[in-house]
Number of protein chains: 2
Amino acid sequence: MSTTETQPTIISTALDGVTNTQSTPLFNRRTCPPLPLGVAVGAPSENFKTRPAAGKKPARRWDHILSLESKGRKPSNLKGTARYMKPGVLNLCGGVPSSEYFPFSSISTASPKASDILPSSKLQPSLQTLTKHDVADGTSEYDLNIALNYGPTLGAAQVLRFVTEHVELLHEPLYADWAVTLSIGSTSALDIAFRMFCERGTYVLAEKFTFSSTVQLAEALGAKLLGVEVDDEGMVPESLDHILNEWDPAYYGGAPKPFLVYTIPSGQNPTASTQPLERRKAIYAVAEKHDLFLLEDDAYYYLQMDPYNGNTEYNPPQHPPTFQEYKAGLVPSFLSLDTSGRVLRIDTFSKIIAPGARVGWVTGPAQLIERYQRQAEFGTQAPSGFSLLALYNILEKEWGHEGFFNWLAYLRASYTHRRDVMVKACYDHLPAEVTSFTTPSAGMFQWIRVNVASHPKVNQNDQSDAGRQQNLLDIEHAIFESATEEQVLVAKGSLFKTALHKGGAVDYGVYFRMTFAAAPEDQIEEAVRRFGVAIRKEFGL
Amino acid sequence: MSTTETQPTIISTALDGVTNTQSTPLFNRRTCPPLPLGVAVGAPSENFKTRPAAGKKPARRWDHILSLESKGRKPSNLKGTARYMKPGVLNLCGGVPSSEYFPFSSISTASPKASDILPSSKLQPSLQTLTKHDVADGTSEYDLNIALNYGPTLGAAQVLRFVTEHVELLHEPLYADWAVTLSIGSTSALDIAFRMFCERGTYVLAEKFTFSSTVQLAEALGAKLLGVEVDDEGMVPESLDHILNEWDPAYYGGAPKPFLVYTIPSGQNPTASTQPLERRKAIYAVAEKHDLFLLEDDAYYYLQMDPYNGNTEYNPPQHPPTFQEYKAGLVPSFLSLDTSGRVLRIDTFSKIIAPGARVGWVTGPAQLIERYQRQAEFGTQAPSGFSLLALYNILEKEWGHEGFFNWLAYLRASYTHRRDVMVKACYDHLPAEVTSFTTPSAGMFQWIRVNVASHPKVNQNDQSDAGRQQNLLDIEHAIFESATEEQVLVAKGSLFKTALHKGGAVDYGVYFRMTFAAAPEDQIEEAVRRFGVAIRKEFGL
């Protein structure tokens, strides 16, 4: 993106030199170049970093793993002309409508004041309004004039700046040329990432059970997710290493040894495991050994929870945490461990602001963020300007970084409470004779294993592998149907299954995924009770 | 999309039975099934058609032209579970956050009242506000609770309904199973459509000069746009027929005869031609003859203009046009001529509401809209809920269909005026000795041909084809640079060039595209004057 069309003045905001509650500056925005305030003019995330890259290594180059499609992508010829725009030049080049033809003169959003979020949780709305002329008036760095027109593919600099600062604060990347782009949500970010790396007929490594949409995305592109063994702490590094050491192209239909690992490190969907720091380090070491590239899909990073203690009272923090306190409660990301630039981290506002925003962000080596941008340029383009206006209003004008951390701390407490209610309900209402589960420490999901040995439909006659697997699917379906008869909808574990690696043992478990995110809180226990009734009926307990 | 989670009541709105100014009902919404009012629950456009399909043929099937990727796409397994949702069932299935964790309690948009748009054009803002509980309160069919959560891939039924009605009113499709999906804008719709049809190494037919982003999109996917000859009325049907009749795979690197035509029928980008009705019929006849499929990219459909009469006064209509008057001013679309279901029509709100919305719509045979949906499901997903809320506020709550047509008539008058100013400036300031142009009757662009025979840099020595073409690029660049020195930015015609068909004559013209959409209206003449100065200097005139 060009930054040539800059404005001479920097508008001072409350965020210049953000401070935490101890009044220690977290960073100083004044060191950054001024924001471009023109239409369709962006700025790279590099502009918004506040810590020096000096002494840090650049990321490894990834030319050798880019797909044919991604390798061949070129910058937009038309947008390339923008570098000729200088002050005083009249622009007859781009087919960009005049803002006088946008039929919205103002947009207002009401959201809670940062100071109201914690400890009171009485979320009083405060109104923020933007019009078409706030930038011209000098009262804002973003307005309808900019947001409702075409925007830079990286996302409006006004929001990209906030997100880049947020990434730097939380993850402190260790290599020099890390970069950030906004996305239109993680589903799209995964689609773009898979197209950047995957050719038909190849394999991508992933947790043995993983997000069903990613399984289907890979399939649609002619690739396959290959399951790495998992335990309560997520992906097992020894299994990852083993699969790669023993890679046998003949067994995998001629596919080359995979280089891409898709992992959901926190609150894994669906198995609800969270990789502890030591586990992440071990997985990263395997990645270094085999020169792998990691897709870190971390939608549930912010939904890490306090430990389960059997108490189902809602127990929000008594004071807003300091930034350091907040950060100490999170397991460090792969991005923050990444010394080589071998991680593309995929974040989203969906679970922390609203899925309807269709905005997220992607962080990784500048080389790959550039490839991402080249693809988005002729596809998704930028996130919605209406969404970005709303995010700007709340993140930049209303909250600032500290207020956002207050909000994230509030969500943490809320999800901890919801998790507590569901876990307690599982202990109280699921038959322990045939079910087991691990207490989630992040995310939205509870993953229930049902031991079907005593299920009346178990078929002891056909012990072939295909026979046993079909039998398990039949039993899974019977339990699922029984649950819907009891008026509760759960997700079948088989939806999340990946391909079996060579020498891998077939998992003869039957699983169900339940979420504590969606239902009204006071119905979670009742829903789990119904599922318990369904299981008991199925097993004749 | 499932429609199982419906509500028993239909909320009556001002739009039930929309009337035009003669109070003749344009259609009766009461015949439609009720809108689904749950979270992430959609409805197909079929629900919103008001005219009977009886007596109409279904569309031709297109299985034989779908790409490997598109053919293999399956519906989301997880979303498939939604059909088990019935009233009373508690949902622990989808990872959908509770709306209590959306930090927005209300969103307001200010937009002009329908009655203010014409004739006064004094656009007084009227405020529309939505909160989280309007649906529960029975005061709206759409609210933050729905819009800010995950939405159906087709787009929220609340907006899809309006768009489907709009399509039916304007295009009156002739075959039975036409369908509509919302898109996240035409760039994405084209990306999806090209991936649905194109394999690497194939050709897609298009106007000889066409939108540079589509040229680059095709290239990135390993396909190529092949230029069909154009004249002042756009694509020449005889040229299209000729290229297909004479198709020689050996000449085209083994590529099979193309089946896909990409056309911009109104205000073609960049050549500014608009195909008259007879031309469209002739192109459609060639499509029938060769069993082609048409991608109708019609971003400038609504920017069709009144004839140029040399007058540069702004001359808006003295009364809001009736629907019939408004419609009579538009050349019928390919969609409206399509008896076989061989057109995928791509529309956008970018040029008529705001590009920042990133919302458009795609209309075509239900088979292909379903394929589109399958791809979007694991990619773009739905448009932004913030955008859809804003569109709902303005289209449904503020304007209704009539108000929207008033707005479109206002835009028509405004763009007619801008076009008039630019065309007059071209007559007044461009040197007629070396430039020529056609007066645009739609769109945003003016396309200038520069006759370079007398340009001082013309190289008479190297008359090889490569030599002549490079010489033209050099001259084009010299004129472009001269223009930027005069402080005006125009787009080089060579950016829009497609591949030459077998036997096609190389076009030795040099072209520039100028837009009258972007610049402040009072700077258009000055910008054209500067371009005129630049050309004169280049030619020593």
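The shown structure was predicted, so the numbers you read here are calculated from the model rather than taken from an experiment. (Residues numbered from 1 in each chain as written. Chains lettered and ligands numbered in written order. Predicted model: local features only at pLDDT ≥ 70, side-chain atom pairs only at ≥ 80, totals over all residues. Heavy atoms only, no water.)

(A) The arrangement of the overall build of chain A in detail. Broken down by element type, chain A carries 16 helices and 19 strands. For chain A, whose C-alpha radius of gyration is 25 Å, the value lies close to the compact-globule estimate of 24 Å for 541 residues. Along the longest, intermediate and shortest principal axes, the C-alpha atoms of chain A span 85 × 55 × 45 Å. Taking all 541 residues of chain A together, the buried fraction comes to 64%. Once local pairs closer than 6 in sequence are excluded, the contacts in chain A between residues at least 24 apart make up 76%. Between the centroid of the 50 positive side chains of chain A and the centroid of its 59 negative side chains there is a distance of 4 Å. (Helix = DSSP H or I, 4+ residues; strand = E, 2+ residues; numbered from the N terminus. Rg over C-alpha atoms; globule rule 2.2 N^0.38 Å. Buried < 20%, exposed > 50% of the residue type's maximum accessible area, 1.4 Å probe, protein only. Contact = heavy atoms within 4.5 Å. Lys, Arg positive; Asp, Glu negative; His and termini not counted. Charge placed at Lys NZ, Arg CZ, Asp CG, Glu CD.)

(B) Geometry of the pattern of salt bridges. Residues and elements named next belong to chain A. Summed over all chains, the structure comprises 72 salt bridges over all chains. A salt bridge links glutamate 172 to arginine 51, with the nearest nitrogen and oxygen atoms 3.0 Å apart. Linking glutamate 172 in the loop between helix H6 (157–171) and strand S6 (178–183) with arginine 51 in the loop between strand S2 (25–27) and helix H1 (68–71), this pair joins segments that are 121 residues apart in sequence. In this structure arginine 51 comes out as partly exposed when scored by relative accessible area, which is 31%. Salt bridges linked by common partners bring Arg29, Glu141, Arg161, Glu165 and Glu396 together as one network. (Salt bridge = Lys/Arg side-chain N within 4 Å of Asp/Glu carboxyl O.)

(C) The interface of chain B and chain A, seen in detail. Tallying the contact residues gives 110 residues for chain B and 110 residues for chain A. Note on chain B versus chain A: buried area summed over both sides is about 8,900 Å², and carbon and sulfur give 60% of it. Summed over the shared surface of chain B and chain A, the result is six salt bridges. Close ionic contact of Glu219(B) with Lys74(A) constitutes a salt bridge, the shortest N to O distance being 3.7 Å. Our count for the chain B to chain A interface comes out at 47 residue pairs in polar contact (both at pLDDT 80 or more). If one sorts the elements of the side of chain B that touches chain A by residue count, helix H14 (residues 385–429) of chain B sits on top with 13 residues. Here the side of chain B that touches chain A is composed, by residue class, of 59 nonpolar, 34 polar and 17 charged. (Buried area = accessible area lost by both parts, 1.4 Å probe. Polar contact = N/O pair within 3.5 Å; in protein donor to acceptor, adjacent residues only side chain to side chain. Nonpolar A, V, L, I, M, F, W, Y, C, P; charged D, E, K, R; others polar.)

(D) View of the confidence of the model for chain A. Residue and element names in this part refer to chain A. In the predicted model, chain A carries a mean pLDDT of 92, and the fraction of residues at 70 or more is 95%. A low-confidence stretch, residues 1–23 stays under pLDDT 50, and its non-local contacts, those more than four residues away or across chains, total 61 contacts. Confidence metrics for the complex model read pTM 0.95 and ipTM 0.95. (pLDDT = per-residue confidence, 0-100.)

(E) Structural context of the relation of the copies chain B and chain A. Least-squares fitting of chain B to chain A yields an RMSD of 0.0 Å, with the superposition described by an axial translation of 0.0 Å and a rotation of 180 degrees. What the rotation and shift describe, once combined, is the action of a two-fold rotation axis. In this assembly the copies share their binding face: 100% of the residues contributing to the interface of chain B also contribute to that of chain A. (Least-squares fit on C-alpha atoms with pLDDT ≥ 70 in both.)

(F) Quick peek at the environment of Pro265(A). Residues and elements named next belong to chain A. One can find proline 265 in the loop between strand S11 (260–263) and helix H10 (277–289). Taking the relative accessible area as the measure of exposure, proline 265 reaches 0% and is therefore buried. In the structure, proline 265 is positioned 15 residues away from arginine 280 in sequence and 8.0 Å away in space, judged by C-alpha atoms. What proline 265 contacts, discounting residues up to four positions off in sequence, is Ser273, Thr274, Gln275, Arg280, Glu296, Asp297, Asp298 and Phe334.

(G) Representation of the packing of helix H14 (residues 385–429) of chain A against H14(B) within the structure. At a closest axis distance of 6 Å, the pairing of H14(A) and H14(B) adopts a crossing angle of 105 degrees. Classified by the angle between their axes, H14(A) and H14(B) sit roughly perpendicular to one another. In this structure, H14(A) uses Phe386(A), Ser387(A) and Ala390(A) to contact H14(B), whose residues at the interface are Phe386(B), Ser387(B) and Ala390(B). When the residues that make up the contact of H14(A) with H14(B) are grouped by side-chain class, the tally is four nonpolar, two polar and no charged. (Axes fitted to C-alpha atoms, helices over the stretch in contact; angles between N-to-C directions. Parallel < 35°, antiparallel > 145°, perpendicular 65-115°, else oblique.)

(H) Representation of the nonpolar core. Ranked by internal contacts, the top residues of the largest apolar core, which has 294 residues, are Phe194(A), Phe349(A), Ile353(A), Phe531(A), Phe194(B), Phe349(B) and Phe531(B). Beyond its immediate chain neighbours, meaning those up to four positions away, Ile353(A) contacts Leu391(A), Trp399(A), Phe404(A), Trp407(A), Tyr101(B), Phe102(B), Pro103(B) and Phe104(B). (Core = buried A, V, L, I, M, F, W, Y, C linked by side-chain atoms within 4.5 Å.)

(I) Representation of the sheet that holds strand S4 (residues 106–112) of chain B within the structure. If you trace the four strands from one edge of the open sheet to the other, you get S5(A)-S4(A)-S4(B)-S5(B), paired in antiparallel fashion. Each edge of the open sheet carries a strand with a single partner, namely strand S5 (125–131) of chain A together with strand S5 (125–131) of chain B. Shown here is a sheet whose adjacent strand axes are inclined to one another by a mean of 20 degrees, direction ignored. Inspection of the sheet shows strand S4 (residues 106–112) of chain A paired to S5(A) by seven bridges, in the antiparallel sense. In the sheet register, Pro112(A) faces S5(A), and the bridge partner there is Pro125(A). In the packing of H14(A) onto the sheet, contacts are made with S4 and S5 of chain A, and the angle to S4(A) comes to roughly 25 degrees. Sheet strands touched by H14(B): S4 and S5 of chain B. Its angle to S4(B), the strand with the most contacts, is close to 25 degrees. (Pairing = 2+ DSSP bridges.)

(J) Representation of the packing of helix H7 (residues 186–197) of chain A against helix H13 (residues 366–377) of chain A within the structure. All names here are of chain A. Put simply, H7 and H13 touch, their axes get as near as 10 Å, and they point 110 degrees apart. Considered as vectors, H7 and H13 are oriented roughly perpendicular to each other. Residues Ser188, Ala189, Ile192, Arg195, Met196 and Phe197 of H7 form the contact with H13, whose participating residues are Leu368, Arg371, Tyr372, Gln375 and Ala376. Classifying every residue of the contact of H7 with H13 gives seven nonpolar, two polar and two charged.

(K) Here's a closer look at the sheet that holds strand S19 (residues 510–515) of chain A. Residues and elements named next belong to chain A. The four strands lie next to each other as S15-S16-S19-S18, forming an open sheet whose pairing is antiparallel. Single-partner strands in this sheet number two, and they are strand S15 (435–437) and strand S18 (491–492). Pairing analysis gives three bridges linking S15 to strand S16 (residues 445–450), with the strands arranged antiparallel. Paired with threonine 435 across the strands is valine 450, a residue of S16. Across the sheet, H14 is in contact with S15, S16 and S19; its angle to S16 comes to roughly 20 degrees.

(L) Fine view of helix H13 (residues 366–377) of chain B. Between its first and last C-alpha, H13(B) extends 16 Å over 12 residues, near the 16 Å set by a 1.5 Å rise per residue. Of all the 12 residues making up H13(B), 10 are buried; the element is thus mostly covered by neighbouring parts of the structure. (Expected span 1.5 Å × (residues − 1).)

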